[in-house]
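Listed below are the residues making up each chain.
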Amino acid sequence: EAGVAQSPRYKIIEKRQSVAFWCNPISGHATLYWYQQILGQGPKLLIQFQNNGVVDDSQLPKDRFSAERLKGVDSTLKIQPAKLEDSAVYLCASTLAGGGHYEQYFGPGTRLTVT
Amino acid sequence: ILNVEQSPQSLHVQEGDSTNFTCSFPSSNFYALHWYRWETAKSPEALFVMTLNGDEKKKGQISATLNTKEGYSYLYIKGSQPEDSATYLCASFGAGSYQLTFGKGTKLSVIP
């Protein structure tokens, strides 16, 4: 089966610019996650969707970050405006359903550099 | 938010050596423990999902154990190969939580 797809793979922007990332999960996976992984840290959950509804966005900086999952399939994550501290790898993952006993399938990530 | 710790932070071993890493997590309200391998420029890949105290799982030359009462898991690699070079992440899922909390990872380099 096809894996989780993400684009772009790399992005360099200046601070205060906007950027958007795209994720296509594995077909049939109801739950989709966006993680932020800053260099030297573990991945941190930004937002979790169940189909097209938000389950948890408690760690999403809502003043500048937004995410949507229209039609319960693809998802986009947007940052507007970007700050230097947003430089990180943004990972998308999906699972059949929510719950800790399902392994998560990750995409290759988008490496964002904010200058 | 759970606090998941991994040690060592990085490790260099010779090809053929066996090695192990530690993941510690809060034992209260434990639900599941995940191990992932993340090779450079690739997607993180699940190795194990463990839920039961005393559980042991194996995939090829890699195995893991789980102690939920004291809050730790060990990952073992027997006879390391250069292709085992990667960052190994563990993550804990607490009961009543909706999210995995990841450790910072252990970066393994296997020298040919």
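Structure: above.
Just so it is clear, the model here is predicted, and its values are computed rather than measured. (Residues numbered from 1 in each chain as written. Chains lettered and ligands numbered in written order. Predicted model: local features only at pLDDT ≥ 70, side-chain atom pairs only at ≥ 80, totals over all residues. Heavy atoms only, no water.)

Turning our attention to the nonpolar core. Among the nonpolar cores identified, the biggest contains 22 residues, and Trp35, Phe48, Leu75, Tyr88 and Leu108 of chain B are the most heavily contacted of them. Put simply, the parts of the chain that give this core at least two residues each are strand S2 (10-14), strand S3 (19-24), strand S4 (30-38), strand S5 (45-50), strand S7 (62-67), strand S8 (72-77), strand S9 (86-94) and strand S11 (106-111) of chain B. Dropping the residues within four chain positions of it, Leu75 of chain B is found in contact with Thr19, Asn20, Phe21, Trp35, Leu47, Phe48, Ile62, Ser63, Ala64 and Tyr88 of chain B. Listed in part, the 21 residues of the second largest apolar core include Phe21, Leu46, Leu77 and Val114 of chain A. (Core = buried A, V, L, I, M, F, W, Y, C linked by side-chain atoms within 4.5 Å. Buried < 20%, exposed > 50% of the residue type's maximum accessible area, 1.4 Å probe, protein only. Helix = DSSP H or I, 4+ residues; strand = E, 2+ residues; numbered from the N terminus. Contact = heavy atoms within 4.5 Å.)

Attention now goes to the state of the cysteines. Enumeration over the complete set of coordinates arrives at two disulfides over all chains. Note on cysteine connectivity: Cys23 of chain A is disulfide-linked to Cys92 of chain A, with sulfurs 1.9 Å apart. Where Cys23 of chain A bonds to Cys92 of chain A through sulfur, the torsion about that S-S bond is close to -70°, and the disulfide is left-handed. Taken as a pair, Cys23 of chain A in strand S3 (residues 19-24) and Cys92 of chain A in strand S9 (residues 88-95) lie far apart in primary sequence, 69 residues in all. On the basis of relative accessible area, Cys23 of chain A is assigned to the buried category, the value being 0%. On the accessibility criterion, Cys92 of chain A (0% relative accessible area) is buried. One disulfide bridge connects Cys23 of chain B with Cys90 of chain B, the sulfur atoms lying 2.0 Å from each other. Between Cys23 of chain B and Cys90 of chain B the disulfide shows an S-S torsion of about 75°. By sign, it is right-handed. Taken as a pair, Cys23 of chain B in strand S3 and Cys90 of chain B in strand S9 lie far apart in primary sequence, 67 residues in all. Summarising the burial analysis for this pair, Cys23 of chain B and Cys90 of chain B share the class buried. (Disulfide = S-S within 2.5 Å.)

So, about the sheet that holds strand S7 (residues 65-68) of chain A. Residue and element names in this part refer to chain A. On the basis of which strands lie adjacent, the open sheet formed by four strands has the order S1-S3-S8-S7 and antiparallel pairing. For this open sheet the edge positions go to strand S1 (5-7) and S7, each flanked by a neighbour on one side alone. Recorded for the sheet is a direction-independent mean angle of 15° between the axes of neighbouring strands. Across four bridges, S7 lies against strand S8 (residues 75-79) in antiparallel orientation. (Pairing = 2+ DSSP bridges. Axes fitted to C-alpha atoms, helices over the stretch in contact; angles between N-to-C directions.)

Attention now goes to the sheet that holds strand S1 (residues 5-7) of chain B. Strand-to-strand pairing in sheets goes through backbone hydrogen bonds, with the strands running parallel or antiparallel. All names here are of chain B. Here five strands make up an open sheet; going across it, the order is S1-S3-S8-S7-S6 and the pairing antiparallel. Here the strands that pair on one side only, and so sit at the sheet edges, are S1 and strand S6 (56-59). In this sheet, adjacent strand axes meet at a mean angle of 15° when their direction is disregarded. Both S7 and S8 contribute to a ladder of six bridges, which runs antiparallel.

This part covers the pairing of strand S6 (residues 53-56) of chain A. Residue and element names in this part refer to chain A. Of the strand pairs in this sheet, strand S5 (residues 44-50) and S6 are connected by three bridges, and their pairing is antiparallel. Counted as the bridge partner of Phe49 is Val54 from S6. Between the end of S5 and the start of S6, which pair antiparallel, lie two residues, with Asn51 showing a positive phi angle near 55°.

Our next topic: the side chain of Asp56 of chain A. If you trace the backbone, Asp56 of chain A turns up in strand S6. Only 2.8 Å separates the side chain of Asp56 of chain A from the side chain of Ser58 of chain A, close enough to count as a polar contact. (Polar contact = N/O pair within 3.5 Å; in protein donor to acceptor, adjacent residues only side chain to side chain.)

Here the distance between the centres and the angle between the planes together describe a pair of aromatic rings. Scanning the entire structure with this criterion turns up 13 aromatic pairs over all chains. Summarising the aromatic geometry, the rings of Phe21 of chain B and Tyr88 of chain B are spaced 5.3 Å apart at their centres and angled 45° between planes, so their arrangement reads as tilted. Linking Phe21 of chain B in strand S3 with Tyr88 of chain B in strand S9, this pair joins segments that are 67 residues apart in sequence. Here the two residues Phe21 of chain B and Tyr88 of chain B agree in accessibility, since each one is buried. For the ring pair Tyr72 of chain B and Tyr74 of chain B, a centre distance of 5.0 Å and an interplane angle of 40° mean the geometry is tilted. By relative accessible area, which is 24% here, Tyr72 of chain B ends up partly exposed. Residue classification places Tyr74 of chain B among the partly exposed residues on the basis of a relative accessible area of 29%. By way of ring pairs, the aromatic residues Tyr33, Tyr35 and Phe106 of chain A together with Tyr36 and Phe102 of chain B are connected into one cluster. (Phe/Tyr/Trp six-rings, centres within 6.5 Å; stacked < 30°, edge-to-face > 60°.)

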